[in-house]
Amino acid sequence: MGSLIRLNNYIVKRFRHTSANPKYAGKVIAIRREDQSVWERRAPLAPNNVSRLTRLGIKVIVQPSNRRAYPMQAYANAGAIIQEDISEASVIFGVKQVPVDLLLPDKTYCMFSHTIKAQQDNMPLLDAALMKNIRLIDYEKLVDDSGQRVVAFGKYAGVAGMVNILHGLGLRLLALGHHTPFMHIGPPHNYRNSMMARQAIRDAGYEIALGMMPKSIGPLTFVFTGSGNVSQGAQEVFQDLPYEYVPPDMLQKVAEHGVNTKIYGCEVRRRHYLERKDGGGFDREEYEGNPSLYTSTFSKKIAPFASVIINGIYWAVDSPKLLTLPDAKVLLRQMNLPWLPSSVGAPALPHRLLGICDISADPGGSIEFMNECTTIDNPFCLYDADQNKDTKSFRGPGVLVCSIDNMPTQLPMEATDFFGSLVLPYALDIIQSDATKPLEEHSFIPSVHAAIITSNGKLTPNFEYIQDLRNMNSANRHKESGSSGTEKRCLVLGAGLVSEPLIEFLHRDPSLSITLGSLLKEDADSLANKYDRVEPVAISVTDQMQHLANLIDSADIVVSLLPYSLHHVVAECCINSKVNMVTASYCNPDMQALHNRAVEAGVTIVNEVGLDPGLDHLLAMECIDSIHEFGGKVDSFISYCGGLPAPECSDNALRYKFSWSPHGVLLNTLANAKYLSDSKVVEIPAGGELMKTAEDMTFLPGFSLEGFPNRDSVKYAQLYGIAAECHTILRGTLRYRGFSHMIQGLQLLGLIDPNPHPALHPNGPDITWRQLVCTLLNLSTSDIFYENLKSKIGDKIGQDRLVGVEELGFLMDDPVQKLTTPLDTLSHFLSKKLALGPNDRDLVILRHNIGVKWPAGHREMREITLVVYGESNKRTAMARTVSLPAAITAQMVLSGEIQAAGMVLPLSPDIYRPLLSRLRKEGIVATENIRNL
Ligand SMILES: NC(=O)c1ccc[n+]([C@@H]2O[C@H](COP(=O)([O-])OP(=O)(O)OC[C@H]3O[C@@H](n4cnc5c(N)ncnc54)[C@H](O)[C@@H]3O)[C@@H](O)[C@H]2O)c1
Ligand SMILES: N[C@@H](CCCCN[C@@H](CCC(=O)O)C(=O)O)C(=O)O
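Quick summary incoming for the structure in this document. None of the values given here were measured: they were computed from a predicted structure.

Calculation notes
Residues numbered from 1 in each chain as written. Chains lettered and ligands numbered in written order. Predicted model: local features only at pLDDT ≥ 70, side-chain atom pairs only at ≥ 80, totals over all residues. Heavy atoms only, no water. Helix = DSSP H or I, 4+ residues; strand = E, 2+ residues; numbered from the N terminus. Buried < 20%, exposed > 50% of the residue type's maximum accessible area, 1.4 Å probe, protein only. Contact = heavy atoms within 4.5 Å. Lys, Arg positive; Asp, Glu negative; His and termini not counted. Charge placed at Lys NZ, Arg CZ, Asp CG, Glu CD. Near = heavy atom within 4 Å. Polar contact = N/O pair within 3.5 Å; in protein donor to acceptor, adjacent residues only side chain to side chain. Areas by Shrake-Rupley, 256 points an atom, 1.4 Å probe, with all protein chains shown as cover. Nonpolar A, V, L, I, M, F, W, Y, C, P; charged D, E, K, R; others polar. Pairing = 2+ DSSP bridges. Axes fitted to C-alpha atoms, helices over the stretch in contact; angles between N-to-C directions. Salt bridge = Lys/Arg side-chain N within 4 Å of Asp/Glu carboxyl O. Core = buried A, V, L, I, M, F, W, Y, C linked by side-chain atoms within 4.5 Å.

## Comments concerning the overall build of the protein chain
Across its full length, the protein chain holds 31 helices and 34 strands. Projected onto its principal axes, the C-alpha positions of the protein chain cover 125 × 65 × 50 Å. Across the 933 residues of the protein chain, 56% fall into the buried class. Partitioning the contacts of the protein chain with sequence separation of at least 6, the portion at a separation of at least 24 is 70%. Here the protein chain contributes 90 positive and 100 negative side-chain charges, whose respective centroids are spaced 6 Å apart.

## Things to note about the site of ligand 1
In the vicinity of ligand 1 there are 28 residues, among which Ala-495, Leu-562, Ala-584, Asp-612 and Ser-661 approach most closely. Ser-518 is positioned such that a nitrogen or oxygen atom in its side chain is 3.1 Å from an oxygen atom of ligand 1. Taking Ser-585, its side chain carries an N or O atom lying 3.2 Å from an oxygen atom of ligand 1. Look at ligand 1: alone it shows 850 Å² of surface, and the protein chains cover 89% of it. Along the lines of polarity and charge, the residues of the shell around ligand 1 split into 18 nonpolar, 9 polar and 1 charged.

## Observations regarding the sheet that holds strand β1 (residues 28-31)
Across the sheet, 8 strands lie side by side as β3-β2-β1-β4-β5-β6-β17-β18; this open sheet has mixed pairing. Each edge of the open sheet carries a strand with a single partner, namely β3 (81-82) and β18 (458-459). Relative to strand β5 (residues 108-111), strand β4 (residues 91-93) runs parallel, the two sharing 3 bridges. By the bridge assignment, Ile-92 is partnered in β5 with Tyr-109. Contacting β5, β6 (135-138), β17 (452-455) and β18, helix α4 (residues 123-131) runs over the sheet at an angle of about 50° to β17.

## Observations concerning the pattern of salt bridges
Enumeration according to the criterion identifies 40 salt bridges in this entry. Across the pair Glu-286 and Arg-276 runs a salt bridge whose closest N-O atoms are separated by 2.7 Å. With Glu-286 in helix α10 (residues 284-289) and Arg-276 in strand β10 (residues 274-276), this pair connects stretches of sequence that are 10 residues apart. Among the residues examined, Glu-286 registers a relative accessible area of 26% and is labelled partly exposed. What makes Arg-276 partly exposed here is its relative accessible area of 23%. The salt bridge involving Arg-508 is made with Glu-922; its shortest N-O contact spans 2.9 Å. Of this pair, Arg-508 sits in the loop between α16 (500-507) and β20 (512-518) while Glu-922 sits in the loop between α31 (909-921) and β34 (927-932), placing them 414 residues apart in sequence.

## As for the site of ligand 2
Surrounding ligand 2, one finds 14 residues, the nearest of these being Ser-585, Asp-612, Gly-643, Asn-668 and Arg-735. One of the side-chain N or O atoms of Ser-585 is found 2.4 Å from an oxygen atom in ligand 2. A total of 470 Å² of accessible area belongs to ligand 2 in isolation, and the protein chains cover 94% of it. Listing elements by their share of the shell around ligand 2, those giving two or more residues are β25 (633-645) and β30 (728-736). Of all the elements, β25 adds the most residues to the shell around ligand 2, at 3 residues. Residues belonging to the shell around ligand 2 are distributed by class as follows: 5 nonpolar, 6 polar and 3 charged.

## Concerning the nonpolar core
Core analysis: the largest hydrophobic core is formed by 99 residues, its most contacted members being Leu-506 and Leu-615. Counting residues per element, this core draws most heavily on helix α30 (residues 877-894), which supplies 11 residues. Discounting residues that sit within four places of it in the chain, Leu-615 has contacts with Gly-610, Leu-846, Leu-866, Thr-881, Pro-885, Leu-916, Leu-919 and Ile-924. Within the second largest apolar cluster, 88 residues are counted, among which are Met-162, Ile-185, Val-237 and Cys-402.

None of the figures reported here should be taken as evidence of function without further support.
Laid out in structure tokens, this is it:
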């Protein structure tokens, strides 16, 4: 501020004449009527500034406006002419952007044009300025030798911002169940001036000092970012409360153990939270030249201890954000504060962060989730991180955000006085401007010269970068948004049994266009035909690599619902094209091997967001994290999940019908498995042993269920964060009793063999099922008496399985569609035979039994149960419970709610919380029962 005053004094001296000065003879300027907002009551010059100009002999025309805080008469008294027509003026002063059609050609305009970051909404204004030969001077670029802005409303933005957020905080705390002294603070525009608002704040401060804040909300901390005019204005008002400033490294301590008879303040500078990505502290010069070399620790070191953040930093494109979308999900999770007294009538706060006053007001900027500024009419919104949505309400989950971008106009007279006195010295220099003459014919002082954005139909050299930014933005928009400018494109690969609800969910977003690729074009066609904006394409991801690369290249996100062995092919292409990806499948070794490459490319690949894996992880982690948060330990984790036909549709030898990939279901019966039982690792080898381990499951006694282990459960001990405390970890699969017994029979018969069999070569001789069975039994002929054949089969696989073999059709003379291996051939055959029929529905059962040990020694069992029935054989429970988590995840990745690069699993609260919350809205709701042991 010191240098600003020195500079202003110098300029005032240079133009100190107070009586008519021949230098200004014939000069005419105008103050235009503001029309950008109904709340805009400011003017660029106050009547006393105008008086100074008119005394110098300058003709000042003021466009009439009853909305201006200073009445027209005050300008008339200052010697201005009040008249509509301002065409006589060569220089026109305003505050905010001028509508394009009101821009007069060949004039010099001074305003906040909001064009210097190539802001899309204001590019028509910039184009019009270029076309109409306007010399555009932007106040934001009037700076001193050290680059500090010299003309700004900033201080009053800070003052009004602070009053706004204290007013909003009162209303938010009330909605959370607490009357506080903040309730008596109104919005700034309700006060005659800032002094009156500050008196109300001092009164509130007096009550706070007397101990009138509810104890259950604990100490409040206000974090101020930046140290410029905005921050100083806000802090001036803050100091009307009983306050104590603490350094950033003490913030956590006061947030936890401070008192609530005062409010803690903390001014945070860039050096406190910006670090070089490659190591090393903050170097201002380097940062300003190359902000992308830096990363921010604000969300981890500062924000978790802030009740309110007052954001007053200038945010430059490319510089690290203060808070990202994923940060919000972490900061806004339920907090356990056992040291604060609380009860039903005196509840604890849901989380520490209550409010953000984003005075910087850059949508999608330093506060990434502030995507639209609030307004003076609707000053607040509640940002709910789980839903990634704003609501205009004080009730419900979320953080209160105030991001009005014209706050100073809430205190219009003081703002005009303040701004006018700053701008006046520069106005005296700007007045010489004649936009019809070349810039070189003028001798503007350096500050003014440097603030000229356009002149004589061109961007001035300092601002030519705006064109580069525009080109870059339009290229990005083209990539991001397709032809319409706002559209995003999703490539879904796989149109099989679980794909439809995913398409239906994604299709709800009208700005998303979907390409649906599948090996079998007719599968893609029949699904795509149900929805507009879904384009079917035929693609083999193994044989048409260039086609795949092209499809991925033009997508913003890829969801792979292909057989799980193919995801890595897609992932590799996604990494090459830097396109994010989602799968509902296990992150298998092929995928895991791509982790580092994905990290280097900055590509997010979220795996295991289906049902099992998927919903099971989400529910497990929600429970485990809450147990840990309250000091408990998880000593056992046993989980089973099954996709089944509804009981009334289970009348076949396998008691099973396919609701997901038949090949996957059958292959899994051969898989190996590994689990932890009473601290011992149990391993089941691959090849069929698994089916012998099936045990009856009785947790839902009305169902006749059996279960067997599923893959490697042990690795989840680490991933779930329970390795050090848990003696038993088992994830298993559920079937109706009899399934594993019958599958063992088919294995013994050689029908679930993944290796090629000569009799099944697609170009070999035709064969019937009965002939195939005879071949697998090594019979020299299939011309064998039916009863004899049955008896031989019975000998091989057990008599009790004979009926099943017969019922499934393996003894019929129907032709086999030969697909090289018995497993593929059987999968294809059973996919038709055991398909859910038009009157069938399916069922999904998921059950977690989580054993808990509490510090005091008592134990309990958390029983989490999810039972979902399908609506029809087209809208199955399996498809919904797999597809919806995957679709919501895709939506979260697209919107930037998930940003981590590499192979990601949905195990952290910033992912599982929003997912579970949105799944509940889709009707997918689990229940939890706690049983004391
Ligand atoms: N996490 C879970 O709970 C869960 C549940 C069910 C399915 N899944 C997984 O979801 C995926 C889809 O399952 P589904 O039941 O819909 O499978 P599906 O077998 O019914 O469908 C597979 C789709 O992939 C297509 N396809 C196969 N090979 C292809 C190739 N080379 N090129 C292009 N397309 C090809 C098929 O045409 C079909 O459209 C599978 O990976 C499956 O394992 C996960
Ligand atoms: N285990 C249950 C639910 C299986 C859902 C499908 N899960 C697949 C996921 C495979 C993948 O795509 O990686 C599985 O094989 O378990 C059941 O079998 O009924």
